[in-house]
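An overview of the molecular structure
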Amino acid sequence: MVKPAILGGTPVADLSYMKSRRILENPDKEKEYLLKVFDTGIWNHWNNNGNLAGEFEALWAEYNTSKYCSLVTNGTHALQLALEALDIGYGDEVIVPGITWQATAGAVCDVNAVPILTDINKDTFCIDANMVEKAITSKTRAIICVHLYNRLSDLDSLLKIAERHGLWLIEDCSHCHGSKFKGKGAGSLGTFGTYSFQSSKLMQCAEGGAVLTQDRELYGRIMSLRNCGRDFDNIKIHSGNYRITGFQAAVLIAQLEVLKSKAAYIDKMGHVLDDTLDSLPGVRPLSRNSGTTCQTGYGYAFSYSPENFDGLPAGIFRSALSAELGLEFTSTYTPLNMSEVYYPHLKRRHHLGRNYLESINPANYKLPSALDIWLNRAVVTRWYIFNSSVKEASYLSDAISKIYEHRKDLIKRGI
Ligand SMILES: Cc1ncc(COP(=O)(O)O)c(C=O)c1O
C-alpha cells in the first residue's frame, strides 16, 4: 500500500471541493426573496408588519411541529431569552453539557444563574442523562441539552428527569436543523427549542436565531423580551433589542425549501458513513437514539480508539485522515472547564459575590469523560461531508484502513 499522504504519499481522494458547496444553497431563490424584502421597503421585523420574517416564523414552527416560533438576533440570545422567559436568574442553577459551544453556558451566566457543567456520554457526545440526575440540587431550575454534531440527545431520559424533578428542558438545536425525534421537530419536545443560523451552521443567514415553544404564554414573553420589553398581548418584561431583519429571513426561507428535501439525504448519508465505519477496527459510529426518525447535523462525528491502533494518538490520526481526504478532521469543542473561550468568572459584570464566582469558575468542574473524548476519541468533520455520494463516503473507510496499515510508521515518525 502507498505511504500515508501525511508522510508524502498519494492521498486516497481529494474531497476538498465539498467545502465550497453550501449544503442548502439555493442562490436564485435567496436573491429573489432578498429583493422582495428590499422592494417592499419593510426591512425591519415588527410584530405582524408584513415583513418576511413573520412568514419564516410560521414556516419554521410548522416544519418543526411547534406552535410558535420567534426569530431573534442569534442563537446565544435565543438561549438567553428562553432563560429570561422562565424567570431564571440569580440563585438558580442550570445544567449544561460540558462539551458545547461556549454560548450554551455563557447565556446562563448572562442571566446571573450558575451553569453546572455536566459530563458527556461517550456513545453520543451529548450530555449524559445519568450525570444530569446526579447534578440536580434544590437550586436547579432547568436543563439545557445540546443535540451535538450528528446526534440527538437522550430525549426520552431527559424529558422524564425534567418531569420527575419539576425542571424545564431547553433543547439547543443549533446543530440539527431538520432533525426529527419520533417524527417531531427538534426543539418541539422541550419547553423551548433554540436555534442558531450563524454562518457556520447547516442552515445559515450570517447571523440569526430562533426560539420554538408550544406554550402561548411563554411565546408572549419571548415576543416582549425580543422587542425592548414592549407589550405583547398584555405581557411585558423589561428587555433590550433582539430583533432580526427581513433580509436574514429571506435567505432562510429559500434554504428551508432545500432543507425540506435534503434532510432525508443528509440522514441517509449519515447512515452510509456510519455503516462505512462499522466494519473497521478501532473506530465506531456514535449511537443513534432509538427515537431518532431523521438525523441531520452541523458535523459528522465518530469515535476513535487509540488502543486498537497500537496507541497512535488521536491528534495524529485526525491529521493523517485530513491529509488523505482533503477535509479537516478535528476534535470536539474544548471541554468547557478548559475552554479558551469560556471564562465568565473573569468578567466584572459577573462579580456577584464570592460564592457566585466560585460556582461559575470553569476550573472547579471535573469532566473526565469529556476530557477523554476531546483528547483521545472524537473525530469530527463539518456538514460538508454530507454532500458525499455513496462512492465518496467509501473513501472514508479506505483512508482509515490505510492509516491502520501504517499505524506503526506514523507512531515512529510522531507527526
Ligand atoms: C451548540 C450551540 N449553541 C449556541 C450557539 C450560539 O449561536 P450564535 O453563534 O448564533 O449566537 C452555537 C453557535 O455557534 C452553537 O453551536
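Given the structure is predicted, the values throughout are model-derived calculations rather than measurements. All residue numbers here refer to positions counted from 1 along the written sequence of the relevant chain. With pLDDT at 70 or above as the cut-off, local features in this predicted model cover only qualifying residues; side-chain atom pairs require 80 or more to be listed or tallied, and sums for whole chains, interfaces and linings still use all residues. Side-chain descriptors were evaluated using all non-hydrogen atoms of the structure, hydrogens and water having been removed beforehand.

Together, L35, F38 and W43 make up a nonpolar patch on the protein surface, roughly 320 Å² of accessible area in all. Helix and strand labels come from DSSP, where a helix needs a run of H or I of at least four residues and a strand needs a run of E of at least two; each type is numbered from the N terminus. Among the structural elements, W43 can be located in the loop between α1 (27–40) and α2 (52–63). Patch membership is restricted to residues that have no salt bridge and whose relative accessible area is over 30%. Joining uses 9 Å for like charges and 5 Å for the nonpolar side chains Val, Leu, Ile, Met, Phe, Trp and Tyr. Per-residue and other accessible areas were derived by the Shrake-Rupley procedure at a 1.4 Å probe size, with only the shown protein chains allowed to occlude residues. Just to be clear on terms, a salt bridge is a Lys or Arg side-chain nitrogen sitting within 4 Å of an Asp or Glu carboxyl oxygen.

Below, the discussion takes up the site of the ligand. Put simply, a residue is near a molecule or strand once any heavy atom of it comes within 4 Å of that molecule or strand. Near the ligand there are 16 residues, and of these G75, T76, D172, S196 and K201 occur at the shortest range. Identification of polar contacts relies on pairs of N or O atoms within 3.5 Å, with a donor-acceptor requirement for protein atoms, meaning one able to donate a hydrogen and the other able to accept it, and with residues adjacent in sequence counted only if both atoms are side-chain atoms. Between the ligand and D172, the relevant distance is 2.7 Å, taken from a nitrogen atom to a side-chain nitrogen or oxygen of the residue. A distance of 3.4 Å separates a nitrogen atom of the ligand from a polar side-chain atom of S174. With the chains in place, 92% of the 390 Å² that the ligand exposes on its own is no longer accessible. Each residue gets one of three labels, nonpolar for Ala, Val, Leu, Ile, Met, Phe, Trp, Tyr, Cys and Pro, charged for Asp, Glu, Lys and Arg, and polar for the others, Gly among them. Grouping the constituent residues of the shell around the ligand by class yields four nonpolar, ten polar and two charged.

Let us look at the pattern of salt bridges. One side chain can pair with another of opposite charge once the charged atoms of both are near each other. This model, assessed by the stated rule, comprises 20 salt bridges. Here R226 makes a salt bridge to E57, at a shortest N to O gap of 2.8 Å. A residue pair is termed long-range when its members are at least 10 positions apart, and R226 in helix α7 (residues 216–226) and E57 in helix α2 qualify at 169 residues. Like R226, the residue E57 is buried in the burial classification. In this structure, R288 and D267 form a salt bridge, with 3.0 Å as the shortest nitrogen-oxygen distance. Of this pair, R288 sits in the loop between β10 (283–285) and β11 (292–294) while D267 sits in helix α8 (residues 246–278); the two residues are 21 residues apart in sequence, bridging distant segments of the chain. We call a residue buried when its accessible area falls under 20% of the maximum for its residue type, exposed when it is over 50%, and partly exposed in between, using a 1.4 Å probe and counting protein chains only. When its relative accessible area of 22% is taken as the criterion, R288 is described as partly exposed. Given a relative accessible area of 11%, D267 falls into the buried group.

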